[in-house]
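The residues making up each chain are set out below.
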Amino acid sequence: MSADRPGSNAAKRSRVSLFAIIGLALGVLALALPAVPALVTAAGGIILGVLGRRQFTRDPSTGPGWVSLAAIIVSAFVFVSQAVILSVVYFSA
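Residues numbered from 1 in each chain as written. Predicted model: local features only at pLDDT ≥ 70, side-chain atom pairs only at ≥ 80, totals over all residues. Heavy atoms only, no water.

Draft legend 1. Expanded view of the overall build of the protein chain. Broken down by element type, the protein chain carries four helices and zero strands. Its helices and strands taken in sequence order, the protein chain reads α-α-α-α from the N to the C terminus. Burial status across the protein chain gives 27% buried among its 93 residues. Within the protein chain, residue pairs in contact and separated by at least 24 positions form 65% of the contacts whose partners lie at least 6 positions apart. Summed over its atoms, the accessible surface of the protein chain is roughly 6100 Å², and 71% of this surface lies on carbon and sulfur atoms. (Helix = DSSP H or I, 4+ residues; strand = E, 2+ residues; numbered from the N terminus. Buried < 20%, exposed > 50% of the residue type's maximum accessible area, 1.4 Å probe, protein only. Contact = heavy atoms within 4.5 Å. Areas by Shrake-Rupley, 256 points an atom, 1.4 Å probe, with all protein chains shown as cover.)

Below you can see the structure in the form of C-alpha cells.
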C-alpha cells in the first residue's frame, strides 16, 4: 500500500493529540460555567493540556503544540479568575 510507506504524504500528516483537543474544549466550556463547576472543569482542562503537551514533546507528529498550550492557558486563566472570585466572596467579612 502506498499510504504505509514512510515517504508518502499520509505518513507525514500530523494528527492533533486528543488530550489537547479535549483540554481546550474543557477550558472553553469552563468559561460558561458558574464558579465551582468552572474550577473543576478548568482543572481538568489544565491536566489534559499538560498531558497533550507531554505527548507532543515525546512524539512531535501528534500535531501542533499550540493546541495544548492554548488548553493550558485558557484553563489556567479560568481557574485563577474563578479562584480569585470565590476567595473574595467567601473570605470577605
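Draft legend 2. Structural context of the side chain of S17. Along the chain, S17 turns up in the loop between α1 (9-12) and α2 (18-30). Residue classification places S17 among the buried residues on the basis of a relative accessible area of 6%. Excluding anything up to four places from it in sequence, S17 contacts G52, Q55 and T62.

Draft legend 3. Structural context of the side chain of S75. Turning to its location among the elements, S75 is positioned in helix α4 (residues 66-91). A polar side-chain atom of S75 sits 2.8 Å from the main-chain carbonyl oxygen of A71. Ignoring sequence-local partners within four residues, the contact set of S75 consists of G23, G27, A42, G45 and I46. (Polar contact = N/O pair within 3.5 Å; in protein donor to acceptor, adjacent residues only side chain to side chain.)

Draft legend 4. Molecular detail of the packing of α2 against helix α3 (residues 35-58). Contact pair α2 / α3: the axes reach a minimum separation of 7 Å and the direction vectors enclose 155 degrees. If you check the angle between α2 and α3, you find them roughly antiparallel. Relative to α3, the crossing made by α2 is left-handed. Together, F19, A20, I22, G23, L26, L29 and A30 of α2 and A38, T41, A42, G44, G45, L48, L51, G52 and Q55 of α3 make up the contact between the two elements. Tallied by class, residues from the contact of α2 with α3 come to 10 nonpolar, six polar and no charged. (Axes fitted to C-alpha atoms, helices over the stretch in contact; angles between N-to-C directions. Parallel < 35°, antiparallel > 145°, perpendicular 65-115°, else oblique. Left-handed = near helix turned anticlockwise from the far one by under 90°. Nonpolar A, V, L, I, M, F, W, Y, C, P; charged D, E, K, R; others polar.)

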